[in-house]
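Coordinates in review
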Amino acid sequence: EDAVNQNIDDVRSVQGVDPLAFRYTEVFTDRAVAASNGNMRSEQSTHYTLYGKVGTSDGENAVEHSVQSRLFADVASLPLGVDLANQVVRYTDPQPLADKALPIVMSPRAIARIMQSVVPAFDRERVDAGQSFLTDGRRVGSDKLHMIDDAQAPGGFQTRGFDVRGVPSLDLPLIREGCVGALFQGPELARELDGRPSGHCGAEGVWPGNLVLRAGTRSRNMIYPDLGPFLMLDDLIVRGSKWFDLATGKLRFKAHFFSGEAGQEPVYVGVHSVNTSYVELWSGIREVANDQQRFGSVDVSTWVVDGLKLG
């Protein structure tokens, strides 16, 4: 209660912004599985989530995000309220967008949402049924893109000892330097293929682990001078799952954008539509920064992307 009230007070301290909703959730899970061969497994865990939504007093803009962790200290100490308030304040007084054909700097929080949405497409059953745009070994992006599903990472939000079938999860390189790597597969399919189950079976389809995307070696401050003028995709505006299609790989969403240049303050240029695909987006990755951040179960850094068209 104190954590929620503190965040509400923080929002109210920012002029022109109102707290719309804050919710704290604490879930204790006691899991156990017993197999006919005598194997038994059990584990206990607690997940903490603090959700916040704030908007401008005139009702024009609103943003929402969650802090998720295995540690109460994370959700209680991170300044979610003031971060959201400052974010929504920046989304006012949009200036005209002069050039739509600039390189785009994508924020880690926007990338985290996109990468989390695509994970079910790596289900081998979906791939074999033609319901995924992915295939074994297909090149789907720049060689700078490397993503691992690690459900064994210590302290990760999706870390676990076993899936609903009692199988410990493997570390899977879902995307290996721009190409499709391993795929999720359950015990029955693994038996048919004379392989090992990946340990990602959930109550309803694939149960992803922690997604870790490889970081680069340079900071944003080192990258910006090489770009000249650029656009910054700060955050997505999405609801539900209609903004992506795992069968075709299409992506269609709206986002808040800024224009920027090295040594200058970014200028807000409003909300613009993006109509692309996972493959087009990933293939346009020019550089990955070193500012690795964690958003729920996704560890990711800033991207610089070419060829992304705005509507």
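Heads up: these notes are all about the structure in this document. These numbers were taken from a predicted model, which means no experiment stands behind them.

**Some words on the overall build of the chain**
- A tally of helices and strands in the chain yields 8 helices and 18 strands.
- Its C-alpha atoms give the chain a radius of gyration of 21 Å, near enough to 19 Å, the size a compact globule of 311 residues would have.
- Across its three principal axes, the chain shows a C-alpha extent of roughly 65 × 45 × 35 Å.
- Expressed as a percentage of the 311 residues in the chain, the buried residues total 50%.
- Relative to all contacts within the chain whose residues are 6 or more apart in sequence, the contacts with residues 24 or more apart total 67%.
- When the accessible surface of the chain is summed, it comes to about 15,200 Å², and 47% of that surface belongs to carbon and sulfur atoms.

**Description of the pairing of strand β1 (residues 17-34)**
- Both β1 and strand β2 (residues 40-56) contribute to a ladder of 17 bridges, which runs antiparallel. Within the sheet, the bridge partner assigned to threonine 25 lies in β2 and is threonine 49.
- Hairpin connection of β1 to β2: 5 residues between the antiparallel strands, including glycine 38 at a positive phi of 100°.

**Side note on the sheet that holds β1**
- One open sheet accounts for 3 strands, arranged β1-β2-β3; its pairing is antiparallel. Of all the strands in the sheet, the pair left with one neighbour each is β1 and β3 (62-69). Going across the sheet, the axis of each strand differs from the next one's by a mean of 15°, ignoring polarity.
- Each of β1 and β2 is contacted by helix α1 (residues 2-12), which is oriented at about 155° to β1, the strand it contacts most.

**Details of the packing of α1 against helix α3 (residues 80-90)**
- Interaxial distance between α1 and α3 falls to 7 Å at its minimum, and their mutual angle equals 25°. Taken together, the axes of α1 and α3 are roughly parallel relative to one another. Crossing geometry of α1 relative to α3 is assigned as right-handed. Contacts from Asn7, Asp10 and Val11 of α1 reach α3 at Leu80, Gly81, Val82 and Ala85.
- Here the contact of α1 with α3 is built from residues that sort into 4 nonpolar, 2 polar and 1 charged.

**Some points on the sheet that holds strand β17 (residues 298-300)**
- With mixed pairing, the 6 strands of this open sheet are ordered in space as β7-β6-β5-β10-β17-β16. Two strands in the sheet have a free side with no partner beyond their single neighbour: β7 (179-180) and β16 (293-295).
- With 4 bridges connecting them, strand β5 (residues 147-150) and strand β10 (residues 210-213) associate as antiparallel partners. From the neighbouring strand, aspartate 149 faces β10, where its bridge partner is leucine 211.
- Helix α4 (residues 108-118) rests against β5, β6 (172-176), β10, β16 and β17 of the sheet, and its axis sits at about 130° to β17.

**Focus: unusual backbone geometry**
- In this structure, aspartate 93 takes a positive phi of about 55° despite not being glycine.
- Within the secondary structure, aspartate 93 sits in the loop between α3 and β4 (104-106).
- According to the relative accessible area criterion, aspartate 93 is exposed, its value standing at 58%.
- A positive phi angle, near 55°, is found at aspartate 194, a position not held by glycine.
- Summarising the element assignment, aspartate 194 is placed in the loop between α6 (187-192) and β8 (201-202).

**Quick look at the side chain of aspartate 299**
- Among the structural elements, aspartate 299 can be located in strand β17.
- The buried category is assigned to aspartate 299, whose relative accessible area is 14%.
- Excluding residues that lie within four positions of it along the chain, aspartate 299 makes contacts with Leu211, Val212, Leu213, Gln292, Gln293 and Arg294.

**What about the pairing of β10?**
- Sheet topology places β10 next to β17; 2 bridges connect them, and they run parallel. Bridging from a neighbouring strand, valine 212 pairs with aspartate 299 of β17.

**What about the nonpolar core?**
- Core analysis: the largest hydrophobic core is formed by 52 residues, its most contacted members being Ile114, Phe122, Phe253, Trp282 and Trp303.
- Element by element, the count of residues in this core is highest for α4, at 6 residues.
- Grouped together as the second largest cluster of nonpolar side chains are 27 residues, Ile8, Leu80, Val88 and Leu227 included.

**Remarks on α4**
- When you tally the buried positions in α4, you get 8 out of 11 residues, the bulk of the element.
- Every buried residue belonging to α4 is among Pro108, Ala110, Ile111, Ala112, Ile114, Met115, Ser117 and Val118, and all of these are buried.

**Regarding the side chain of threonine 49**
- As for its placement among the helices and strands, threonine 49 is situated in strand β2.
- Note on threonine 49: relative accessible area 18%, which makes it buried.
- Residues within four places of threonine 49 in sequence aside, it is in contact with Arg23, Tyr24, Thr25, Ser66, Val67, Gln68, Val75 and Phe157.

Definitions and limits used
- Residues numbered from 1 in each chain as written.
- Predicted model: local features only at pLDDT ≥ 70, side-chain atom pairs only at ≥ 80, totals over all residues.
- Heavy atoms only, no water.
- Helix = DSSP H or I, 4+ residues; strand = E, 2+ residues; numbered from the N terminus.
- Rg over C-alpha atoms; globule rule 2.2 N^0.38 Å.
- Buried < 20%, exposed > 50% of the residue type's maximum accessible area, 1.4 Å probe, protein only.
- Contact = heavy atoms within 4.5 Å.
- Areas by Shrake-Rupley, 256 points an atom, 1.4 Å probe, with all protein chains shown as cover.
- Pairing = 2+ DSSP bridges.
- Axes fitted to C-alpha atoms, helices over the stretch in contact; angles between N-to-C directions.
- Parallel < 35°, antiparallel > 145°, perpendicular 65-115°, else oblique.
- Left-handed = near helix turned anticlockwise from the far one by under 90°.
- Nonpolar A, V, L, I, M, F, W, Y, C, P; charged D, E, K, R; others polar.
- Core = buried A, V, L, I, M, F, W, Y, C linked by side-chain atoms within 4.5 Å.

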